[in-house]
Amino acid sequence: MRITLIAVGKAKASPARDLFELYCNRLRGNRLNWSLDLKEVEEKKNLPASQLKEREGELLLAAAPKGAKIVILDEKGKDLSSPQFSKLLEKWQDGGDQDIAFLIGGADGLSDTVKAKSQQSLCFGRLTWPHMLVRGLFAEQVYRASCILSGHPYHRD
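Let us look at the structure shown here. Bear in mind the structure is a predicted one, so any value in this text is a computation, not a measurement.

1. Remarks on the packing of helix α1 (residues 15-27) against helix α5 (residues 131-150)
Here is step 1 of the chain: The contact between α1 and α5 brings their axes to 7 Å, and the two run at 20°. In terms of axis orientation, α1 runs roughly parallel to α5. Of the two elements, α1 crosses α5, and the hand of that crossing is left-handed. Residues Ala-16, Leu-19, Phe-20, Tyr-23, Arg-26 and Leu-27 of α1 lie in contact with α5, whose contacting residues are Met-132, Leu-133, Arg-135, Gly-136, Leu-137, Ala-139, Glu-140, Val-142, Tyr-143 and Ser-146.
Here is step 2 of the chain: Residues of the contact of α1 with α5, tallied by class, amount to 11 nonpolar, two polar and three charged.

Given below as C-alpha cells:
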C-alpha cells in the first residue's frame, strides 16, 4: 500500500523534517510492503485568507494520486488509538485500497471542498500541533501501525 502525506508548506532542514525521514526510513522494507511519501504544496500568491484556503485545497487535491482514498488530518476528526489506526490501515489494505492520501491544510485549515471530498477525517488529539511536527508524528504512527500488524515489538501495550 502506498501512503502519501500531502501538506501545505515547504519543510526546511530541521529536527521536525529529520523526524519524518527517520520513520520513513524505518518503514522501508517492512513486512507489509508499505511506502510513505511526502508531497508539499504551496501557493506563492498573497491572497486573502478565504481564497488562500480554497487555493491550498485545490493544490492538495491535485497532488493526491489518482484514485487515492482521501483522508484529512483535522482537529475535528476522529481520535484513534495507535491500535485502532493500525486496524483502519489494515482494513483499507485488505479492502484493496492501494493509495491512501492524508492531507494537512495550511494555517487556516482545510477548505470545505477538501472536507467534502475526503472519505475519512482523523485528528492527533485535541491539542494543536505545529504542522511541520505533525509530519513526523504521522510518519511515526504509520511505522507503529506496521509494527503492530506485523507483530514487531516496537509497540507495547
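After presenting the structure, the write-up continues.
2. Here's the deal with the layout of surface pockets
Here is step 1 of the chain: There is about 440 Å³ of room inside the largest pocket.
Here is step 2 of the chain: Considering the residues around the largest pocket, the lining is formed by 23 residues, among which Leu-73, Asp-74, Glu-75, Thr-128 and His-131 are closest to the centre.
Here is step 3 of the chain: Of all the elements in the fold, those that place two or more residues in the lining of the largest pocket are β3 (69-79), β5 (120-123) and α5.
Here is step 4 of the chain: Tallying contributions element by element places β3 first for the lining of the largest pocket, with four residues.
Here is step 5 of the chain: Across the lining of the largest pocket, the residue classes tally to 10 nonpolar, six polar and seven charged.
Here is step 6 of the chain: Roughly 170 Å³ of volume is contained in the second largest pocket.
Here is step 7 of the chain: Lining the second largest pocket are 13 residues, and of these Leu-80, Phe-85, Cys-123, Phe-124 and Gln-141 lie nearest its centre.

3. Quick word on the nonpolar core
Here is step 1 of the chain: Ranked by internal contacts, the top residues of the largest apolar core, which has 27 residues, are Leu-36, Phe-102 and Phe-138.
Here is step 2 of the chain: For this core, the elements supplying multiple residues, two or more each, are β1 (2-8), α1, β3, α3 (82-94), β4 (99-104) and α5.
Here is step 3 of the chain: The element that contributes the greatest number of residues to this core is α5, accounting for seven residues.
Here is step 4 of the chain: Other than its neighbours up to four places away in sequence, Leu-36 contacts Ile-3, Leu-5, Phe-20, Cys-24, Leu-27, Phe-138, Ala-139 and Val-142.
Here is step 5 of the chain: Val-41, Leu-59, Ala-63 and Leu-103 belong to the second largest nonpolar core, which has 14 residues in total.

4. Comments concerning the packing of aromatic side chains
Here is step 1 of the chain: Inspection of the entire model under this criterion finds six aromatic pairs.
Here is step 2 of the chain: Each ring, one from Trp-92 and one from Phe-102, has its centre 6.3 Å from the other, and the planes form 50°; the classification is tilted. Linking Trp-92 in helix α3 with Phe-102 in strand β4, this pair joins segments that are 10 residues apart in sequence. The same class applies to Trp-92 as to Phe-102, namely buried.
Here is step 3 of the chain: Look at Phe-102 and Phe-138: their rings are 4.6 Å apart centre to centre, the planes differ by 55°, and that puts the pair in the tilted class. Linking Phe-102 in strand β4 with Phe-138 in helix α5, this pair joins segments that are 36 residues apart in sequence.

5. Description of the environment of Gly-136
Here is step 1 of the chain: By secondary structure assignment, the location of Gly-136 is in helix α5.
Here is step 2 of the chain: Between the C-alpha atom of Gly-136 and that of Glu-21, which follows or precedes it by 115 residues, the distance is 7.7 Å.
Here is step 3 of the chain: If sequence neighbours within four positions are ignored, Gly-136 has contacts with Leu-19, Phe-20 and Tyr-23.

Criteria and thresholds
- Per chain, residue numbering runs from 1 following the sequence as it is written.
- Only residues with pLDDT of at least 70 are given local features in this predicted model, and only at 80 or more are side-chain atom pairs given and counted; all residues enter the totals for whole chains, interfaces and linings.
- The basis for every side-chain value is the complete set of non-hydrogen atoms in the structure, without hydrogens or water.
- For helices, the fitted axis covers only the stretch in contact; all axes are lines through C-alpha atoms, and the angles between them, taken along N-to-C directions, range from 0 to 180 degrees.
- Strands are runs of DSSP state E lasting at least 2 residues, helices are runs of H or I lasting at least 4, and numbering of each runs from the N terminus.
- Any angle that is under 35 degrees is reported as roughly parallel, and any over 145 degrees as roughly antiparallel; angles of 65 to 115 degrees are reported as roughly perpendicular and all others as oblique.
- Crossing handedness follows the turn of the near helix against the far one: under a right angle anticlockwise gives a left-handed crossing, and clockwise gives a right-handed one.
- Should any heavy atoms of two residues lie within 4.5 Å, those residues are counted as being in contact.
- Any residue outside Ala, Val, Leu, Ile, Met, Phe, Trp, Tyr, Cys, Pro, Asp, Glu, Lys and Arg is labelled polar, Gly included; the first ten of those are nonpolar and the last four are charged.
- Only protein atoms enter the 1 Å grid, on which a cavity is a set of points fitting a 1.4 Å probe that cannot get out and a pocket is an open set with protein on both sides within 12 Å along at least 5 of 7 lines, lining residues being those with an atom within 4 Å of a point.
- Grid points are joined across faces, edges and corners, and a volume is the space filled by probe spheres set on the points.
- Note on terminology: a nonpolar core comprises buried Ala, Val, Leu, Ile, Met, Phe, Trp, Tyr and Cys residues joined through side-chain atoms within 4.5 Å.
- Under the scheme applied here, a residue whose accessible area is under 20% of the maximum for its type counts as buried, over 50% as exposed, and between as partly exposed, the area being computed with a 1.4 Å probe on protein chains only.
- Stacked, edge-to-face and tilted labels apply to pairs of Phe, Tyr and Trp rings (six-membered ring for Trp) whose centres lie within 6.5 Å, assigned for plane angles under 30 degrees, over 60, and everything in between, in that order.

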